[in-house]
Amino acid sequence: MKRLTLSVLSAAVIFTAGSGITVAAKTKDSSQTVVVSPNDKRDYATINLENGITALLVSDPTVDKSAAALSVGVGLLHDPMTQQGMAHYLEHMLFLGTDRFPDTNGYNDFMSKNGGSSNAYTWLDITNYMFEINNDAYDDALDRFSDFFKAPKLYPEYTDKEKNAVNAEWSMRREMDFFGMYKLNRSMMGEHPANRFLIGNLETLSDKENAKLHPQTVEFYNQYYSANVMKVAMVSNQPIKEMKKLAKKHFSSIKNKKIDKPVVTAKLDFDKVGGKRIHYVPNQDVKNLILDFTIKNNQQEYKTKPNRFIGYLLGSEMPGTPAYVLKKAGLISSLSSNAAPDLYGNYGRLSIDIELTDAGLKAREEITRVVMSYIEKIKKEGVDSKYFNEIKTSLNNRFRFLEKGNAFGYVSNLADEMQSYPVRDVISAPYTYEQFDEKSVNNTLKQLSPTTLRIWYVSKNEPHDKEMHFYDGKYKIVDIDKKEIASWKKPTKYALELPKVNTMLPEGFDIKTDASNKQEKPVVAYDKKGITVWQYPSQAFSSQPKGVLRVFINSPEREKSIQGQILFDLWSDLYNLKQSALATEASIAGMNLNMYSTNGLELSVSGFTDKQPLLLEKGLKAITFKVDQTGFKQAVDRYIRGVKNQEKQFPIYQLFDSFNDVISSSGYSNKALVAAAKKLKPEDLTHFMEKVMANNQIRVFAFGNYDKKDVDYYVSQIDKAMPENRKVTDYVRTRVLAPKKGQTVSLKRDLDVADVAVYDLHVHPEPSVKQEARGMVLRDHLRTVTFDKLRTEEQLAYAVTAIAPKIKDYAALGFAIQTPVKNVEEMQQRFDAFKKEYVEKLNAITPEEFSKLKNSVLISLKEKPKNLSEEQAPILNDWYDENWDFDTRKNLIAEVEKVTLDDIKAFYHETVGDKNASRLSIQLRGSKFKDKSFAKLEGETEIKDLAEFHKKASYQK
């Protein structure tokens, strides 16, 4: 299944700030130009194959892995009503072999052996398939991939197995409030095609009279999987000429059935759809108010962007806007505006999403009136070209210096967007803002009316008279009272104002670093008075006028007590809330301001460096603040609800959170965190801030476009923000559990959600990079076999994987699963049996297969960074860990190069195969299996209380 909001394209058009200049990439043999960013140096070409497929080719000599995606212009809206979820089910079936490659595990096995990864998603009007592979396997991968769309086996004997896989995917999501609310929204749309169950499960995909799943799936494939509704995107290190040959070779023989691309034209009856209030009881403890307007799909107005213009005004936090006045009144914690113009096919959504305080929960009609009054103000006064100029400048600046992302995500996004935009604009469309179109904006504003509005009241205490089918949610739908609608036209008690001009937009893009001055590692640029600054200019992207500055106020208080941990979290929450207006203004200008709770606090500013001094200055001045009773109470409420809501997450996510709680010295149970938070008072935070500011060590990491003058200025601002009597403390890191040979540690707890999750880990006794390297080479093979056996063949879960995590200096190997079909004890028994079965597969690895596994790991480790974030990541990890040689990755690569086939076999036997190896078991029992036993492990030490466990535990140095 696809996310509702696709990630931003990794490369895009730029209009040089204020100039309106575009850059079009065109090669000698390309048939069309493609608008790209001046920062994008790759070669592009488009090719229209004889069968009707349009392919967009991207040649990038720097990539270590090639990628491709193919989208089909058909999706969930086109399921037969007798088999809802069938398009999604078909997506699953295509991975299970073709006429030329009939092995059901063959594709995944090929990907694993060649450093590859693959995925697919199905959404309303699109099904998108994609993969990434080592460069030298690209031709063979395209051969296997393209055969999905020529001659898939669609084995009838795998019908039940893949139905179970789809059912498990639905089971993972059934308790997610988003999916329940989205389903409820669509259920109100009458006969519109959006009113159907999208994911599919055993009930909707069952055989029915005159509606058998398998023959209908084959019929659906034969009808809709036609070349003329397909789009292809390819990225490779090969030149365009060779890529064109590959596109023709592999995709031109897909059959063109000459179908019309299916479209949805059904009209909504707004007398039935709009003017409703929905009371919704969520699974998570949230307090939300949502003003949800249904609008006509205006995606083709991407050059004039009416939704972006309106959302910019609605989501502003400048003085006088609803976000500003309602926060100041203590009624809301956040307000944002979002648009999804194709959310229902030919209709979409423009919403205002508001997180309420307890006071706001009692004033929802008043808050609604404020927002509706503001919308009227926008209609009368806000359609002004000055906002267009501001938005356009912001977009221009971003895309002029937009960075690359990974090839896998890039081809996926390109193939998706090619279904919606002309190929020439497919990269630039999300960012093009050609002209101020008052008519376009007003047409959309007219649709923001009571007729198209649904008001969602979302909280645990909502009245309800119905329960959702297929999702866990209770609700009640009523008409919005006419008197309330009439009140929206009356003045509110708040003086509402439209946003003022943004003062944070950069005025220059000077490069302050010397590209010719190569620097192997960060250097200390300042070290006085307990403030140390490490500086490291980008070595790969020296032309980027961007940087990331991290001010880390390290403190021992988090490690000392549970109260310290919570107070840091409350401090950062209140800071980010109080500075949200500044952060929003900075975000529009291409910068970010955030505070994080760590072993102390980390204040981060990033993005364009031109106005960062101003942003940091404002951010530092507000680092401490007066703690009022109301604001503190609201922060504690958010904290407690956040902790409790973690228990509503996917069980497999909870597994990894629990793993961190066990191995980290600062791990506490949710029950303990909630109990401790309830006892805190405003004065506790006030005293805590004073103590931390007076006792700390400050470390600063300046990565990117900074010079000595910047460093000196930032140090002066940091020093100014500190009290004069500050004492410098020792640097503190979270301690990590030291595994003991022969020790088995288990954590067992019940869940509020249905499924079971099990984490079964074996730790190698030798703490070394050598063992980490061995585990890394083995992992992908074990992961593939695990997936093929436990997911594809046995259908135990949608989410199952093999893992090779580090516990600081120790390497480990194990398994993680979320299953709706087995209880904890049964799942542990299956893991134990599988561990023995895998030995046969391990022993069958040939030298040639091993060479590919090892080479794939090396390619990934040696892969050049594609953007500033990727370049910074390994350096930053070493900085936090005080590895001043900054050589962790270099050492790991050296050890991987030494790994042999015998080494990975030994690693398996010395971890999973050794009864005396240290072991960690996490068992989460879902509500569906609450009457079944947990698994008992030989010699286990069960953690009953995390805090007590950590008091007695031994930790690594």
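Residues numbered from 1 in each chain as written. Predicted model: local features only at pLDDT ≥ 70, side-chain atom pairs only at ≥ 80, totals over all residues. Heavy atoms only, no water.

The protein chain is annotated in an unreviewed UniProt entry as Protease 3 of Aliikangiella coralliicola. Under the UniProt heading Function (unreviewed entry), the note attached to the protein chain is "Endopeptidase that degrades small peptides of less than 7 kDa, such as glucagon and insulin." Quoted verbatim from the Cofactor (unreviewed entry) heading of the UniProt record, the comment on the protein chain is "Zn(2+)". (UniProt positions renumbered as here; feature names shortened; annotations may be inferred.)

Caption draft 1: How the structure looks around the overall build of the protein chain. The secondary structure content of the protein chain amounts to 32 helices and 29 strands. For the protein chain, whose C-alpha radius of gyration is 28 Å, the value lies close to the compact-globule estimate of 30 Å for 957 residues. Relative to its 957 residues, the protein chain shows a buried fraction of 62%. Across the protein chain, every contact between residues at least 6 apart in sequence was considered, and the portion connecting residues at least 24 apart equals 83%. The centroid of the 137 positive side-chain charges in the protein chain is displaced by 3 Å from the centroid of its 127 negative side-chain charges. (Helix = DSSP H or I, 4+ residues; strand = E, 2+ residues; numbered from the N terminus. Rg over C-alpha atoms; globule rule 2.2 N^0.38 Å. Buried < 20%, exposed > 50% of the residue type's maximum accessible area, 1.4 Å probe, protein only. Contact = heavy atoms within 4.5 Å. Lys, Arg positive; Asp, Glu negative; His and termini not counted. Charge placed at Lys NZ, Arg CZ, Asp CG, Glu CD.)

Caption draft 2: Region of interest: the environment of K578. With respect to the element layout, K578 can be found in helix α18 (residues 562–578). When sequence neighbours within four positions are dropped, the list of residues in contact with K578 reads F625, K626 and D628.

Caption draft 3: Layout of the domain arrangement of the protein chain. Structurally, the protein chain comprises domain 1 (43–252), domain 2 (270–400 + 426–488), domain 3 (523–728) and domain 4 (744–952). Taking only C-alpha atoms into account, the centre of domain 1 sits 42 Å from that of domain 3. (Domains from an automatic or database assignment.)

Caption draft 4: Highlighting the sheet that holds strand β9 (residues 276–281). Spatially, seven strands are ordered β11-β12-β10-β13-β9-β15-β14 in an open sheet, and the strand pairing comes out mixed. Looking at strand neighbours, the two that pair on one side only are β11 (332–340) and β14 (466–467), the edges of this open sheet. (Pairing = 2+ DSSP bridges.)

Caption draft 5: Fine view of the nonpolar core. By size, the foremost hydrophobic cluster in this structure holds 109 residues, and its most contacted members are F131, F149, Y225, M234 and F251. Here this core takes six residues from helix α14 (residues 407–417), the largest share from any one element. Of the domains in this structure, domain 1 (43–252) and domain 2 (270–400 + 426–488) are the two that each give at least three residues to this core. Contacts of Y225, omitting those with residues within four sequence positions, involve V72, V74, L90, L94, T127, Y129, F149, F220, M230, K255 and K257. Ranked by size, the runner-up nonpolar core spans 59 residues in total, among them L570, L615, V627 and Y714. (Core = buried A, V, L, I, M, F, W, Y, C linked by side-chain atoms within 4.5 Å.)

Caption draft 6: Spotlight on the packing of helix α20 (residues 612–621) against helix α25 (residues 708–721). α25 packs onto α20 with a crossing angle of 10 degrees between their chain directions and a minimal axis gap of 10 Å. In this view, α20 runs roughly parallel relative to α25, as classed from their interaxial angle. Judged by residue contacts, Q612, P613, L616, E617 and L620 of α20 engage Y713, Y714, Q717, I718 and A721 from α25. (Axes fitted to C-alpha atoms, helices over the stretch in contact; angles between N-to-C directions. Parallel < 35°, antiparallel > 145°, perpendicular 65-115°, else oblique.)

Caption draft 7: Representation of the packing of aromatic side chains. All told, the structure shown has 54 aromatic pairs when counted by the stated rule. Seen from their ring centres, Y312 and Y387 are 6.4 Å apart, and the 55 degrees between their planes marks the pair as tilted. Residue Y312 is found in helix α9 (residues 306–314), and its partner Y387 is found in helix α13 (residues 385–400); the two are separated by 75 residues along the sequence. In this structure, Y312 and Y387 share a single accessibility class: buried. Ring geometry for F552 and Y731: centres 6.1 Å apart, planes at 85 degrees, overall edge-to-face. (Phe/Tyr/Trp six-rings, centres within 6.5 Å; stacked < 30°, edge-to-face > 60°.)

Caption draft 8: Quick peek at the UniProt feature "domain: Peptidase M16 N-terminal" (unreviewed entry) in the protein chain. The positions UniProt marks with the feature "domain: Peptidase M16 N-terminal" (unreviewed entry) are residues 56–190. The span residues 56–190 is 38% helical and 21% strand by assignment, and the distance between its end C-alpha atoms comes to 39 Å.

Caption draft 9: Just the pairing of strand β17 (residues 531–536), in detail. Within β17, six of the six residues are buried, which leaves the element mostly enclosed by the surrounding structure. Because side chains alternate across β17, one face comprises the buried residues I531, V533 and Q535, and the other comprises T532, W534 and Y536, equally buried. Between the antiparallel neighbours strand β16 (residues 523–528) and β17 lie two residues, among them K529 with a positive phi of about 55 degrees. Relative to strand β21 (residues 695–704), β17 runs parallel, the two sharing six bridges.

Caption draft 10: Just unusual backbone geometry, in detail. We note that F470 has phi near 80 degrees; this positive angle belongs to a residue other than glycine. With respect to the helices and strands, F470 occurs in the loop between β14 and β15 (474–479). In the Ramachandran plot, E882 falls in the positive-phi region, its phi being about 60 degrees despite a non-glycine side chain. Counting through the fold element by element, E882 comes out in the loop between α29 (868–880) and α30 (888–898).

Caption draft 11: Looking closely at the environment of W456. By the secondary structure assignment, W456 is in strand β13 (residues 453–458). Distance in space between the C-alpha atoms of W456 and I278 is 4.8 Å, their sequence separation being 178 residues.

Caption draft 12: Examining the pattern of salt bridges more closely. Applying the stated criterion across every chain, the model contains 67 salt bridges. Its salt-bridge partner being D832, residue R919 comes within 3.4 Å of it at the nearest N-O pair. With R919 in strand β28 (residues 918–925) and D832 in helix α27 (residues 824–843), the pair connects residues that are 87 residues apart, well separated along the chain. You can call D832 partly exposed: its relative accessible area is 29%. Ionic pairing is found between K898 and E895, a salt bridge with its closest N-O pair at 3.4 Å. Here the residue K898 and the residue E895 both occupy positions in helix α30, the gap between them amounting to three residues, near one helical turn. Via salt bridges that share partners, K287, E355, D358, D637 and R641 belong to a single interconnected network. (Salt bridge = Lys/Arg side-chain N within 4 Å of Asp/Glu carboxyl O.)

Caption draft 13: Examining helix α2 (residues 106–113) more closely. The buried count for α2 comes to seven of eight residues, which makes it a mostly enclosed element. Restricting attention to buried positions, one finds in α2 the residues G106, Y107, N108, F110, M111, S112 and K113. In this structure, the buried side of α2 is in contact with β6 (117–123), β7 (126–134), α3 (138–146), α26 (769–793) and α28 (847–862). Where α2 ends, the next residue or the one after it, G115, has phi of about 65 degrees, a positive value.

Caption draft 14: Up close: the side chain of T532. Structurally, T532 can be placed in strand β17. Looking at T532, the relative accessible area reads 9%, which means it is buried. There is a polar contact of 2.9 Å between the side chain of T532 and the side chain of D527. If near-sequence neighbours (up to four positions away) are discounted, T532 is found in contact with V524, Y526, D527, I698, R699 and V700. (Polar contact = N/O pair within 3.5 Å; in protein donor to acceptor, adjacent residues only side chain to side chain.)

Caption draft 15: Looking closely at the pairing of β6. Judged from the seven bridges that link them, β6 and β7 form a sheet pairing that is antiparallel. Its bridge partner being in β7, N119 is matched across the sheet by M130. Where β6 folds back on β7, the antiparallel hairpin that results is connected by two residues.

Caption draft 16: A look at α26. When the terminal C-alpha atoms of α26 are compared, their 35 Å separation across 25 residues agrees well with the 36 Å that a helix rising 1.5 Å per residue should span. Maximal helix bending in α26 amounts to about 35 degrees, located at R779. Positive backbone phi, approximately 55 degrees, marks Q795, located one or two places after α26. (Expected span 1.5 Å × (residues − 1). Bend = angle between axes of the 7 residues up to and from the residue.)

Caption draft 17: Highlighting the sheet that holds strand β8 (residues 230–236). Strand order across the open sheet formed by six strands is β3-β4-β8-β5-β7-β6, with mixed pairing between neighbours. The sheet terminates laterally at β3 (43–48) and β6, the two strands that pair on one side only. Averaged over neighbouring strand pairs, the angle between their axes works out to 10 degrees when direction is ignored. Sheet topology note: the strand β5 (residues 65–72)/β8 ladder contains six bridges and is antiparallel. Paired with S71 across the strands is K231, a residue of β8.

Caption draft 18: Representation of the packing of α27 against helix α31 (residues 901–910) in the model. Taken N-terminus to C-terminus, the directions of α27 and α31 make an angle of 170 degrees; their axes are 11 Å apart at the nearest point. Of the possible angle classes, the one that applies to α27 and α31 is roughly antiparallel. Each of K835, Y838, V839, L842 and N843 in α27 lies in contact with α31, whose residues at this interface are I904, K905, Y908 and H909. Per-class residue counts for the contact of α27 with α31 are five nonpolar, two polar and two charged. (Nonpolar A, V, L, I, M, F, W, Y, C, P; charged D, E, K, R; others polar.)

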